[in-house]
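# An overview of the molecular structure
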Amino acid sequence: MVDRVEFTADGITLAGHLRVPEGPGPHPALVFTGPLTGVKEQVTGLYAARLAAEGYLTLAFDHRNFGESGGLPRRHEDPQGKLADLRAAVSYLRGLPSVDGARVGAVGVCLGAGYALRLAAFDPRVKVFVGIAGAYNNPYAMRSGMSDAGYEQALASFTEVLERQDQGGEVEYIPAVAASGEAAMPGDEPQAYYGTERSAAESWVNEITRASLRELITMDNMIGADFLSPKPGLIVHGVVDRICSPEGAEEVYKRLSQPKKIAWIDAKLHIDLYDTEPHVTRAVAETTRFLAEHL
């Protein structure tokens, strides 16, 4: 059973889907955060449903500015706002009589894995972290991948966009996905998920603010790996992933202290871990085993 729920973060109303497992409570609970532009009916909703079937109360929700949640500008990536949303989601869960407030974990997929890692590292209420097909952004890696000059050029370009908006100009948008041409997530693989019925959701729109790209190259979620200990952390990642590199997952695992585990899934595409079998079932199985031990 799925209940539509609402809670607030910084005065913004956020919309979520709450799934309560069968059997007597209070239950261990999981909060989910997912890919760039993602909404609760997509990847996080799938994993929330699968883990609810394993006995966990789950909350998948739309972050501010996306989906059915409030917030402006629409479809703008707000890293600090997303962390505040997650904090508020944990508060909401811990206020439910059906939740065991001492057993709350954070599960992130793709970009959400970095947010879940940072949340768990700095919020004592969150007892375990799971990252699936994770993007663990940090500006050092971004600058290294772009070159110093390329990074400075990108910062200058995005700052020009923000200056125009600060001076009264309209918010600038680009496509979220496109098989060719400019997009936040360009190429055939993102298009194969978001541009097809695989990701169908009424509240999803194929656009994102251009300034969101500045947030992606300046956020530091990798820092959470240095502060998670002594909490347990699980990394689930595809052996081949052109969008969220296996090297990034390995770096997080290396920087975590025990207890920790990394589980490699024999997937060849990043989006295989979004909705494709048997990869999702294997990711859920690894997550369930880890949570059974640590939550």
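That block above? That's the structure.
Keep in mind that this is a model prediction, so the values were computed, not measured. (Residues numbered from 1 in each chain as written. Predicted model: local features only at pLDDT ≥ 70, side-chain atom pairs only at ≥ 80, totals over all residues. Heavy atoms only, no water.)

### Digging into helix α5 (residues 148-166)
- Here α5 spans 27 Å end to end across 19 residues, near enough to the 27 Å set by a 1.5 Å rise per residue.
- Every buried residue belonging to α5 is among G150, Y151, A154, L155, F158, V161 and Q165, and all of these are buried. All buried residues of α5 project into a common sector of 135° when viewed along the axis, lining one side. Those residues of α5 that are exposed and aimed more than 90 degrees away from the buried face are D148, A149, E152, Q153 and D166.
- One or two residues past the end of α5 sits G168, with phi positive at roughly 105°. (Helix = DSSP H or I, 4+ residues; strand = E, 2+ residues; numbered from the N terminus. Expected span 1.5 Å × (residues − 1). Buried < 20%, exposed > 50% of the residue type's maximum accessible area, 1.4 Å probe, protein only. Arc of directions from axis to C-beta.)

### Considering the packing of helix α2 (residues 79-94) against helix α3 (residues 112-122)
- Remark: α2 packs on α3, axes separated minimally by 10 Å, with the N-to-C direction vectors making an angle of 60°. Considering the angle they form, α2 stands oblique to α3. Two packed elements cross with a definite hand, and for α2 against α3 that hand is right-handed. Where α2 approaches α3, its residues P79, Q80, K82, L83, L86, R87 and V90 are matched on the opposing element by Y115, R118 and L119. (Axes fitted to C-alpha atoms, helices over the stretch in contact; angles between N-to-C directions. Parallel < 35°, antiparallel > 145°, perpendicular 65-115°, else oblique. Left-handed = near helix turned anticlockwise from the far one by under 90°. Contact = heavy atoms within 4.5 Å.)

### So, the pairing of strand β12 (residues 260-265)
- Across 6 bridges, the pairing between strand β11 (residues 233-238) and β12 is parallel. Across the sheet, residue V236 finds its bridge partner in β12, namely A263. (Pairing = 2+ DSSP bridges.)

### Side note on the packing of aromatic side chains
- A full pass over the atoms with the stated rule returns 7 aromatic pairs.
- When the centroid spacing of 5.4 Å and the interplanar angle of 20° are considered together, the rings of F7 and Y92 count as stacked. With F7 in strand β1 (residues 2-9) and Y92 in helix α2, this residue pair connects regions lying 85 residues apart in the sequence. As far as the burial class goes, F7 and Y92 line up, both buried.
- Aromatic rings pair up to connect Y193, Y194, W204 and Y274 into one cluster.
- Above the face of the Y253 ring, K260 is positioned so that its terminal group lies 4.3 Å from the ring centre. (Phe/Tyr/Trp six-rings, centres within 6.5 Å; stacked < 30°, edge-to-face > 60°. Lys NZ or Arg CZ within 6 Å of the ring centre and 35° of its normal.)

### What to know about the sheet that holds β1
- Strands sit in the order β1-β2-β4-β3-β5-β6-β11-β12 across an open sheet of 8 strands; the sheet is mixed. In this open sheet, the two edge strands, each paired with only one partner strand, are β1 and β12. Neighbouring strand axes in the sheet, compared pairwise and without regard to direction, differ in orientation by 25° on average.
- Bridge count between strand β2 (residues 12-19) and strand β4 (residues 57-61): 4 bridges; the pairing is antiparallel. The residue of β4 that forms the bridge with R19 is T58.
- Helix-sheet contacts for helix α9 (residues 246-255) involve β11 and β12, and the interaxial angle to β12 is about 165°.

### Observations concerning the packing of helix α4 (residues 139-146) against α5
- The N-to-C vectors of α4 and α5 enclose an angle of 110°; their axes lie 6 Å apart at closest approach. Considered as vectors, α4 and α5 are oriented roughly perpendicular to each other. The handedness of the crossing between α4 and α5 comes out as right-handed. Contacts between α4 and α5 involve P139, M142, R143 and M146 on the former and, on the latter, D148, G150, Y151 and A154.
- Residue composition of the contact of α4 with α5, by class: 5 nonpolar, 1 polar and 2 charged. (Nonpolar A, V, L, I, M, F, W, Y, C, P; charged D, E, K, R; others polar.)

### Topic: the nonpolar core
- One finds V31, Y47, L59, L93 and I132 to be the most contacted residues of the largest nonpolar core, which totals 92 residues.
- Sorting elements by how many residues they give to this core places α2 first, with 7 residues.
- In this view, L93 contacts L18, A29, L30, V31, L57, L59 and V99; residues no more than four positions away in its chain are not counted. (Core = buried A, V, L, I, M, F, W, Y, C linked by side-chain atoms within 4.5 Å.)

### Notes on the environment of D3
- Within the fold, D3 resides in strand β1.
- Overall, the relative accessible area of 28% leaves D3 in the partly exposed class.
- With 152 residues separating them in the primary sequence, D3 and L155 have C-alpha atoms 42 Å apart.
- Once you skip the residues sitting within four places of it in the chain, D3 turns out to touch G16, H17 and L18.

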